[in-house]
Number of protein chains: 2
Amino acid sequence: MACEVCQIPAEDEAFLLFAAEHWKVYLSFKQSYLGRCFIPLRRHAGSLSELYPEEWLELAGVTVRLEAAIRKAFGATLFNWACLMNAAYQEAEPEPHVHWHVRPRYDGPVELEGLRFEDPAFGHHYRNGEHMAPVPYQVRLRIAERIRECL
Amino acid sequence: MACEVCQIPAEDEAFLLFAAEHWKVYLSFKQSYLGRCFIPLRRHAGSLSELYPEEWLELAGVTVRLEAAIRKAFGATLFNWACLMNAAYQEAEPEPHVHWHVRPRYDGPVELEGLRFEDPAFGHHYRNGEHMAPVPYQVRLRIAERIRECL
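Residues numbered from 1 in each chain as written. Chains lettered and ligands numbered in written order. Predicted model: local features only at pLDDT ≥ 70, side-chain atom pairs only at ≥ 80, totals over all residues. Heavy atoms only, no water.

A. Expanded view of the confidence of the model for chain A. A residue-level look at chain A finds 99% of positions with pLDDT of 70 or above and a mean pLDDT of 97. Two numbers describe this predicted complex: its pTM, 0.98, and its ipTM, 0.97. (pLDDT = per-residue confidence, 0-100.)

If you want it as structure tokens, here you go:
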């Protein structure tokens, strides 16, 4: 089994925001959308249509807890949720693993740790590429800490 | 209340695939991704974190029923699900209304009614713009009919 989502590197645990029974919530490496998160299902399942009812119900609670925390931490205006799993299909034998990408969207700039986070496409589809330089490790740690404080 | 999702034009009912208690499933106007659907919540609610448990549980059933039908109808390989609601925030007084966009993805071309549907970015993020000419009304009706036959 070569599924990368099943084998999240130990060092990424520094960015774990919270672990629920069926889902884990991590701050994403990409932070152009301040507070962007990656939410893998804890078991290996390949599509939303394979989820169990208890996994959907827990996801409901995750949306409540996470959206409230990021609104409180940084004043996010809304949240874009997407379950895509395209990259898995670049492999000859795809092993998709259900996960969500959450991009908080902002109607104005946010200053944090000397950086300015902007959402130049607010009101429109998120930009798929990064629209700012990579956010330093220490700042990402601080973003994660701030969200955890608001959970 | 100016919410456009609350006021779906009567003529769009020709593209209704099925109505559940809490969600309705329509074939989208945009069909570059063959079988693309638009799934509004039947009541007005502004974010995923406001959904009731029974709405999540019914969504689970919608994913099962819809993914199976589109796989059967056209051989879709996987499905991209997204809940964004950005356009609502172009208004001075946003009235977001929860809805999903579902883009079936295909690892090869599909011929239908004399048209060729391709997925040139397969294995990667969907293209936000349309990558083929608008699909004629009669062909969209046929696509909807074909999915309904597979439900």
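B. Structural view of the interface of chain B and chain A. Of the residues lining the interface, 33 residues belong to chain B; the matching set on chain A comes to 33 residues. With both chains or domains summed, chain B and chain A bury close to 2800 Å², and 62% of this area falls on carbon and sulfur atoms. Our count for the chain B to chain A interface comes out at zero salt bridges. At the surface where chain B touches chain A, the tally comes to 18 residue pairs in polar contact (both at pLDDT 80 or more). (Contact = heavy atoms within 4.5 Å. Buried area = accessible area lost by both parts, 1.4 Å probe. Salt bridge = Lys/Arg side-chain N within 4 Å of Asp/Glu carboxyl O. Polar contact = N/O pair within 3.5 Å; in protein donor to acceptor, adjacent residues only side chain to side chain.)

C. How the structure looks around the packing of helix H1 (residues 53–74) of chain A against helix H2 (residues 137–150) of chain A. Residues and elements named next belong to chain A. At their nearest, the axes of H1 and H2 sit 8 Å apart, and the two run at 115° to each other. The hand of the H1/H2 crossing is right-handed. On H2, the residues that touch Ala69, Ile70, Lys72, Ala73 and Phe74 of H1 are Ile143, Arg146, Ile147 and Cys150. Here the contact of H1 with H2 is composed, by residue class, of seven nonpolar, no polar and two charged. (Axes fitted to C-alpha atoms, helices over the stretch in contact; angles between N-to-C directions. Helix = DSSP H or I, 4+ residues; strand = E, 2+ residues; numbered from the N terminus. Left-handed = near helix turned anticlockwise from the far one by under 90°. Nonpolar A, V, L, I, M, F, W, Y, C, P; charged D, E, K, R; others polar.)

D. Geometry of the relation of the copies chain B and chain A. Mapping chain B onto chain A is achieved by rotating through 180° and translating by 0.0 Å along the same axis, at an RMSD of 0.0 Å. In short, the pair behaves as if placed about a two-fold rotation axis. When C-alpha positions in chain B are compared against the rotation axis, the closest is assigned to Ala82 of chain B, at 2.1 Å. (Least-squares fit on C-alpha atoms with pLDDT ≥ 70 in both.)

E. Spotlight on the pairing of strand S1 (residues 16–19) of chain B. As defined by bridge partners, S1 of chain B adjoins strand S2 (residues 24–27) of chain B across three bridges and the pair is classed as antiparallel. Looking across to S2 of chain B, one finds that Phe18 of chain B is bridged to Val25 of chain B. (Pairing = 2+ DSSP bridges.)

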